[in-house]
Amino acid sequence: MSASPLIIDGRAVSARILSECKTRAARLAAERGRPPGLAVVLVGDDPASRAYVRSKDRTCRELGFHSVKHELPATISQTELLDIVARLNADPQVDGILVQSPLPKPLDESAVVHAIDPTKDVDGFHPVNVAKLALGDESGFVPCTPLGCQRLLVESGTPISGAHVVVLGRSLIVGKSLALLLMQKGAAADATVTVAHSRSRDLPALCRSADIVVAAIGRAHFVRAEHVREGATVIDVGINRIDDPADPRGYRLVGDVAYDEVAPRCRAITPVPGGVGPMTIAMLMSNTLKAFEQRP
Ligand code: GUN
């Protein structure tokens, strides 16, 4: 295999999708007499969550969406939080609702997700939307990170139909949902999917049997050259902090893939940062437009 794989540029793909969303939003807003609306709820002061929420709010404004931002103290009660969700469910200007995860203890995240109107659940975490994905009902919402992974596979020209995909990680937000998405019938799907995790036997051999490896385990540099066969496509969902005294911040962000040793074996690979990360916000905006379009 050549030593120069296709490096999949998630920033460029995300920028293109966001630009398409802006055009669609303007057209729909003119038809409906109001713009699409997204509400983002942040509880507590986790710096990473705060940064995500700020970037979602900024993107909404850039695209001409109506943006509602609730920044709530970690001391808020479960009842007060559920009350805010109920008001957003009833708000006719709000098409999508996202409650930033994780919630501080002792708040019950599952109860909050269950309380979101499934037709506004642009995260795709509500059981109705999980069931729709499993059933192949395309009216539901698919979580943003798996949608972003699928889109990058398409953009990289990697064949998905008939391919063996090994997904490392079984979280609902990424691994399990991506497996359901890629095993569906239809375009950009029809894959043979194996979901592997920390208890799976002989991961290197299993991964070497894959045409596509998706790493979503949250362990820095876990996927090594021995996991990847020549010519495979590798999608790295991981974002891990590792100490780096040479960096002014004292740390840097790396993926779940040991990029330097894996990339030369690949047909195509996503970098970290600049791969899957920028895609999630593009898919969130796209899901919000879908919610707006489906609203009667
Ligand atoms: N925290 C990290 N990623 C996500 C996401 O996609 N949705 C929500 N709600 N919280 C997150």
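Right above here is the structure, for reference.
Now for a quick tour of the structure. Here, residues in each chain are numbered from 1, in the same order as that chain's written sequence. Reporting in this predicted model follows two pLDDT cut-offs: at least 70 for local features of residues, and 80 or more for side-chain atom pairs to be given and counted; totals over whole chains, interfaces and linings ignore these cut-offs and use all residues. To get the side-chain values, take all heavy atoms of the structure and skip hydrogens and water.

## Thoughts on the overall build of the chain
Consideration 1: A tally of helices and strands in the chain yields 10 helices and 11 strands.
Consideration 2: We compute the radius of gyration from the C-alpha atoms alone; for a globule the expected value is 2.2 Å times N to the 0.38, where N is the number of residues. A compact globule built from 296 residues would reach a C-alpha radius of gyration of about 19 Å, and the chain, at 19 Å, matches this within 12%.
Consideration 3: In terms of its C-alpha atoms, the chain occupies a principal-axis envelope of roughly 55 × 45 × 35 Å.
Consideration 4: Relative to its full complement of 296 residues, the chain shows a buried share of 49%.
Consideration 5: Across the chain, the fraction of contacts at a sequence separation of at least 24, relative to all contacts at a separation of at least 6, is 70%.
Consideration 6: Residue burial considers only the protein chains on display, and all accessible areas are found by Shrake-Rupley using a 1.4 Å probe. By element, 54% of the accessible surface of the chain is carried by carbon and sulfur atoms, the whole surface being about 13700 Å². Each helix is a run of DSSP H or I of at least 4 residues and each strand a run of E of at least 2, with the numbering of both proceeding from the N terminus. Throughout, exposure labels follow a simple rule: accessible area from a 1.4 Å probe, protein chains only, divided by the maximum for the residue type, with under 20% read as buried, over 50% as exposed, and the rest as partly exposed. Residue contacts are defined here by distance: any two heavy atoms, one from each residue, within 4.5 Å place the two residues in contact.

## Structural notes on the environment of His114
Consideration 1: Note on placement: His114 falls in helix H4 (residues 109–115).
Consideration 2: Along the backbone, His114 and Pro127 are 13 residues apart, and their C-alpha atoms lie at a distance of 7.2 Å.
Consideration 3: Once residues within four sequence positions are removed from consideration, His114 is found in contact with His126 and Pro127.
Consideration 4: Any pair of N or O atoms that falls within 3.5 Å is considered a polar contact. Within protein, one atom must be able to donate a hydrogen and the other to accept it, and sequence-neighbouring residues count only if both atoms are side-chain atoms. Within the structure, the side chain of His114 is placed 2.8 Å from the backbone oxygen of Ser110, a separation counted as a polar contact.

## A word on a nonpolar patch on the surface
Consideration 1: For patch building, the residue pool is restricted to those with more than 30% relative accessible area and no salt bridge; the joining distance is 9 Å between like charges and 5 Å between nonpolar side chains (Val, Leu, Ile, Met, Phe, Trp, Tyr). The salt bridge criterion pairs a side-chain nitrogen of Lys or Arg with a carboxyl oxygen of Asp or Glu, the two atoms within 4 Å. A cluster of nonpolar side chains, namely Tyr52, Ile239 and Leu253, defines an oily patch on the protein surface of about 270 Å² accessible area.
Consideration 2: Examined against the element boundaries, Leu253 turns out to sit in strand E10 (residues 251–254).

## Points about the nonpolar core
Consideration 1: To define a nonpolar core, start from buried Ala, Val, Leu, Ile, Met, Phe, Trp, Tyr and Cys residues and group those joined through side-chain atoms within 4.5 Å. Among the nonpolar cores identified, the biggest contains 51 residues, and Val165, Leu182, Ile235, Val237 and Met285 are the most heavily contacted of them.
Consideration 2: Taken together, the elements giving at least two residues each to this core come down to helix H1 (10–32), strand E2 (37–43), helix H2 (47–63), helix H6 (144–155), strand E5 (164–168), helix H7 (172–183), strand E7 (212–215) and helix H10 (277–294).
Consideration 3: A total of 9 residues in this core trace back to one element, the largest contributor, which is H10.
Consideration 4: Those residues in contact with Ile235 that lie beyond four places of it in its chain are Ile8, Cys149, Leu152, Leu153, Val213, Val214, Ala215, Thr270 and Val276.

## Structural notes on H7
Consideration 1: A helix is expected to span 1.5 Å multiplied by its residue count minus one. Compared with an ideal rise of 1.5 Å per residue, which puts 12 residues at 16 Å, H7 spans 15 Å between its outermost C-alpha atoms and is within 8% of the ideal.
Consideration 2: Contacts from the buried residues of H7 go to helix H5 (127–135), H6, E5, strand E6 (192–196) and E7.

## Topic: the side chain of Asn240
Consideration 1: Following the sequence through the fold, Asn240 ends up in strand E9 (residues 240–243).
Consideration 2: Using a relative accessible area of 9% as the deciding quantity, one classes Asn240 as buried.
Consideration 3: If sequence neighbours within four positions are ignored, Asn240 has contacts with Gly218, Arg219, Ala220, Arg252, Leu253, Val254, Gly255 and Asp256.

## What about the sheet that holds strand E11 (residues 268–269)?
Consideration 1: In spatial order, the strands read E1-E11-E8-E7-E5-E6; together these 6 strands make up an open sheet with parallel pairing. Whereas interior strands pair on both sides, the edge strands pair on one side only; in this sheet they are strand E1 (6–7) and E6.
Consideration 2: Criterion used throughout: strands pair if DSSP finds at least two bridges between them. As paired elements, E7 and strand E8 (residues 233–236) share 4 bridges and run parallel to each other. Looking at the pairing, Val213 lines up with Val234 of E8.
Consideration 3: Sheet strands touched by H7: E5, E6 and E7. Its angle to E6, the strand with the most contacts, is close to 170°. The angle between two axes is taken between their N-to-C directions and runs from 0 to 180 degrees, where each axis is a line fitted to C-alpha atoms and a helix contributes only its stretch in contact.

## Let's talk about the site of the ligand
Consideration 1: Every residue close to the ligand is listed here: Leu98, Val99, Gln100, Ser101, Asp123 and Phe125.
Consideration 2: At a separation of 3.0 Å, a nitrogen atom of the ligand approaches a polar side-chain atom of Gln100.
Consideration 3: Separating a nitrogen atom of the ligand from a backbone N or O atom of Ser101 is a distance of 2.9 Å.
Consideration 4: Its free accessible area being 280 Å², the ligand has 76% of it covered by the protein chains.
Consideration 5: Put simply, Ala, Val, Leu, Ile, Met, Phe, Trp, Tyr, Cys and Pro go in the nonpolar bin, Asp, Glu, Lys and Arg in the charged bin, and everything else, Gly too, in the polar bin. Here the residues of the shell around the ligand sort into 3 nonpolar, 2 polar and 1 charged. Only a single heavy atom is needed: when it lies within 4 Å of a molecule or strand, its residue is near that molecule or strand.

## Focus on the environment of Arg16
Consideration 1: Examined against the element boundaries, Arg16 turns out to sit in helix H1.
Consideration 2: When its relative accessible area of 39% is taken as the criterion, Arg16 is described as partly exposed.
Consideration 3: For the pair formed by Arg16 and Ala282, sequence separation is 266 residues and the distance between their alpha carbons is 8.9 Å.
Consideration 4: Apart from the residues lying within four places of it in its own chain, the contact partners of Arg16 are Arg151 and Glu155.

## Considerations on the environment of Cys149
Consideration 1: Locating Cys149 in the fold gives a position in helix H6.
Consideration 2: Overall, the relative accessible area of 1% leaves Cys149 in the buried class.
Consideration 3: Spatially, the C-alpha atoms of Cys149 and Asp236 are 8.8 Å apart, while their sequence positions differ by 87 residues.
Consideration 4: Aside from chain neighbours lying at most four places away, what touches Cys149 is Leu178, Ile235, Val237 and Val276.

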